[in-house]
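Now for the letters of each chain:
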Amino acid sequence: MKSLTHWINGERVDGQSTRTAPVFNPAIGEQIAEVRLASAADVDSAVKAAQAALPEWSALPPLRRARFMFRYNELLLANIDELAELISVEHGKTIEDAKGDVTRGREVVEFACGIPHLLRGDFTEDVGTGVDAFSVRQAVGVCAGITPFNFPAMIPLWMFPLAITCGNTFILKPSERDPSCPLRLVELAKEAGIPDGVVNMVNGDKEAVDAILTHPDISAVSFVGSTPVASYIYSTAASTGKRVQALGGAKNHMVVMPDADMDQAADALIGAGYGSAGQRCMAVSVAVAVGDQTADSLVENLVPRIQELKIGPGGDPDIEMGPVVTEQAYDRIKGLIDKGVEEGAELVLDGRDFTMQGYENGYFLGGSLFDRVTEDMEIYKQEIFGPVLSVVRAPDYETAVDLVNRNEYGNGTAIFTKDGDAARDFTDRVQIGMVGVNVPIPVPVAYHSFGGWKRSLFGDTHMHGMEGVRFYTRLKAITSRWPKSGVREGHSLTMPTMQ
Ligand code: NAD
């Protein structure tokens, strides 16, 4: 059976800890690999490698660091089939979707290629007579990234390419559910010529994460995952003086106005609700239909589309939706559907009993659709993270906006309408970090920044784009004066001001 190790100082290492976890293929429900789980000593080895590589790496001119990214980008493209296969086998998503996972990550690598420009500082001549002021952004040191299972390529690539081109060295701790793709990503960094120790990876669970959060030589931690863990990461790492960005879970609403094109809205909801079996942090899990007629028409349009979803193993090129990631996820989602029925929501389509010949042990669910969901129900309150869409009926636009704004999460939202006035009002007033107008999954492109509000993000810096550059650098302001030697001006004890 495949054994997945750590990656420290440019090579695969087993580490000192002998603890392991199983990695499953969710389409067949069988263990296909085991992954090493790092101890604090293993994390410390990775930190030591990252620290040793830091002085030389951070002293390289940004253009030289950028050149590694150009090569890395080419390697990601050349190896995209292999990376997509690794993702699909362990995560369950389709090969095409897995390629999208890699490609959205590559876009951040392309952004990082522009680091010489992005790190350009500010300069002001003569802030006082003969005094100049300039600001530069410098690396923060050894950084760490802790990532979730649902985007095993994109989310690691949100982090380390930008962190290292900013002059830092890095330790990645990917999800223990699908670590093969991240391991290949860091190997490819070596193939791109990035020096050993600049990018390291430890596999592990809470023990490894805690060692990262409390390690005195790690300066910054990026995290993406569920809200309870994000909140813990933020408070623990911040209490040890680290810079932290911790992105959490989501409950994304799409408001459908009465004037929306119902075909377009339904198509958008199918992709956003059931793509990747609903396991995207930007998945739409709640459709808020404004008015009963809108709701009736929306449900009518959704039903045949959900019934026609092609479900199967991710490796089959004809399928659109794969299994969910683990048996635990399968049981949790099924349990929440049971709860929705118990609580009185109308289960229009029931995906619980979906089975596939030849894949009876796989973690497959069909698409489920609930109508008449209300705010007090568990299926509304919890992030289901599965192929389950809830329709909430709102009597008017104001009620819909209030509902979105009351929600504890603030990751993404969308409005579908033909009315520019409503769309503008929505984008202005909605308390959410990423907003789509007739765009159901408004994931910002790499040169803008990704992040939610409220309990979807702890810390204040979003991922990638200029926010990413700011997170991985510290600002230094320098004031300089070169007085003529031999000219004495005397001393002064008053606060220096402009006279
Ligand atoms: P998770 O929170 O279970 O795990 C994320 C990471 O934290 C993993 O590396 C895991 O090993 C580690 N971890 C898990 N439990 C821990 C604990 N108790 N202490 C310390 N570390 C722990 O998340 P997941 O199930 O892998 O991913 C799905 C979640 O991630 C969903 O909630 C989804 O919304 C969220 N997510 C958010 C975004 C975003 O950008 N906001 C993006 C993708 C996923």
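Residues numbered from 1 in each chain as written. Predicted model: local features only at pLDDT ≥ 70, side-chain atom pairs only at ≥ 80, totals over all residues. Heavy atoms only, no water.

**Observations regarding the pattern of salt bridges**
Next, step 1: Following the criterion strictly, the structure yields 33 salt bridges and no others.
Next, step 2: Where Glu187 meets Arg12, a salt bridge forms, and the shortest distance between an N and an O atom there is 2.6 Å. In this pair, Glu187 sits in helix H7 (residues 180-191) while Arg12 sits in strand E3 (residues 11-13), placing the two residues 175 residues apart along the sequence.
Next, step 3: With a relative accessible area of 14%, Glu187 lands in the buried category.
Next, step 4: Here Asp97 and Arg280 are joined by a salt bridge, their closest N and O atoms 2.9 Å apart. Taken together, the residues Asp97 in helix H4 (residues 95-112) and Arg280 in the loop between helix H10 (262-274) and strand E14 (284-290) connect sequence positions 183 residues apart.
Next, step 5: The class for Arg280 is buried, based on a relative accessible area of 15%.
Next, step 6: Three or more residues are tied together by salt bridges with common partners; here these are Arg12, Glu82, Arg184, Glu187 and Glu191. (Salt bridge = Lys/Arg side-chain N within 4 Å of Asp/Glu carboxyl O. Helix = DSSP H or I, 4+ residues; strand = E, 2+ residues; numbered from the N terminus. Buried < 20%, exposed > 50% of the residue type's maximum accessible area, 1.4 Å probe, protein only.)

**Brief notes about the site of the ligand**
Next, step 1: Not every one of the 28 residues close to the ligand is listed here, only the nearest: Lys173, Glu176, Ser226, Gly248 and Glu383.
Next, step 2: Within the side chain of Glu176, a nitrogen or oxygen atom sits 2.7 Å from an oxygen atom of the ligand.
Next, step 3: When residues of the shell around the ligand are traced back to their parent elements, those giving at least two are helix H6 (154-165), helix H8 (206-214) and strand E11 (220-224).
Next, step 4: Broken down by class, the residue content of the shell around the ligand amounts to 15 nonpolar, 9 polar and 4 charged.
Next, step 5: Counting residues domain by domain, the shell around the ligand receives three or more from each of domain 1 (2-248 + 456-478) and domain 2 (252-437). (Near = heavy atom within 4 Å. Polar contact = N/O pair within 3.5 Å; in protein donor to acceptor, adjacent residues only side chain to side chain. Nonpolar A, V, L, I, M, F, W, Y, C, P; charged D, E, K, R; others polar. Domains from an automatic or database assignment.)

**Some details on the packing of aromatic side chains**
Next, step 1: Counted according to the given criterion, the structure contains 10 aromatic pairs.
Next, step 2: Seen in terms of ring centroids, Tyr359 and Phe364 are 6.3 Å apart; in terms of plane orientation they differ by 80°. Their pairing is edge-to-face.
Next, step 3: A relative accessible area of 28% places Tyr359 in the partly exposed class.
Next, step 4: An aromatic cluster of at least three residues, connected via ring pairs, comprises Tyr72, Phe160 and Phe170. (Phe/Tyr/Trp six-rings, centres within 6.5 Å; stacked < 30°, edge-to-face > 60°.)

**Things to note about the environment of Ala189**
Next, step 1: Position of Ala189 among the secondary structure elements: in helix H7.
Next, step 2: For Ala189, a relative accessible area of 1% gives the class buried.
Next, step 3: Sequence separation of Ala189 and Glu375 is 186 residues, and the distance between their C-alpha atoms is 46 Å.
Next, step 4: Non-local contacts of Ala189, meaning those with residues more than four positions away in its chain, are made with Tyr72, Ile194 and Val199. (Contact = heavy atoms within 4.5 Å.)

**Points about the domain arrangement of the protein**
Interfaces are often described in size by the accessible area the parts lose on coming together.
Next, step 1: The assigned domain composition of the protein is domain 1 (2-248 + 456-478) and domain 2 (252-437).
Next, step 2: Across the contact, 19 residues belong to domain 1 and 24 residues belong to domain 2.
Next, step 3: Both faces considered, domain 1 and domain 2 share a buried interface measuring about 1,800 Å² in area, 59% of it formed by carbon and sulfur atoms.
Next, step 4: Where domain 1 packs against domain 2, one counts 6 residue pairs in polar contact (both at pLDDT 80 or more).
Next, step 5: Ranked by residues supplied to the side of domain 1 that touches domain 2, first place goes to helix H3 (residues 80-91) with 3 residues.
Next, step 6: Partitioning the side of domain 1 that touches domain 2 into residue classes produces 7 nonpolar, 8 polar and 4 charged. (Buried area = accessible area lost by both parts, 1.4 Å probe.)

**Some remarks on the pairing of strand E17 (residues 388-394)**
Consecutive residues of a regular strand have side chains that alternate between opposite faces of the sheet.
Next, step 1: Burial analysis of E17 places 7 of its 7 residues in the buried class, the great majority of the element.
Next, step 2: Side chains Val388, Ser390, Val392 and Ala394 of E17 all project onto a buried face; the interleaved residues Leu389, Val391 and Arg393 project onto the opposite face, where all are buried too.
Next, step 3: Judged from the 5 bridges that link them, E14 and E17 form a sheet pairing that is parallel. In the strand pairing of E17, Val286 is matched with Ser390.
Next, step 4: Pairing between strand E16 (residues 368-371) and E17: 3 bridges, direction parallel. Bridged to Phe370 within E17 is Ser390. (Pairing = 2+ DSSP bridges.)

**Quick notes on the sheet that holds strand E15 (residues 346-349)**
Next, step 1: Read across the sheet, 7 strands follow the order E15-E16-E17-E14-E13-E19-E20 without closing on themselves; strand pairing throughout is mixed. Two strands in the sheet have a free side with no partner beyond their single neighbour: E15 and strand E20 (434-437). Ignoring which end each strand starts from, the neighbouring axes of this sheet average 20° apart.
Next, step 2: Where strand E13 (residues 252-256) and E14 come together, 5 bridges link them in parallel fashion. Looking at E14, one finds that Asn252 is bridged to Val284.
Next, step 3: This element, H10, spans E13, E14, E16, E17 and strand E19 (412-416) of the sheet and lies at about 170° to E13. (Axes fitted to C-alpha atoms, helices over the stretch in contact; angles between N-to-C directions.)

**Things to note about H8**
Side chains that are three or four residues apart share a direction in an α-helix, a result of its 3.6 residues per turn.
Next, step 1: Looking only at H8, the buried set comprises Ala208, Val209, Ala211, Ile212 and Leu213.
Next, step 2: Residues of H8 that are buried in the fold lie against helix H1 (40-59), strand E8 (142-146), strand E9 (169-173), E11 and helix H9 (227-239).

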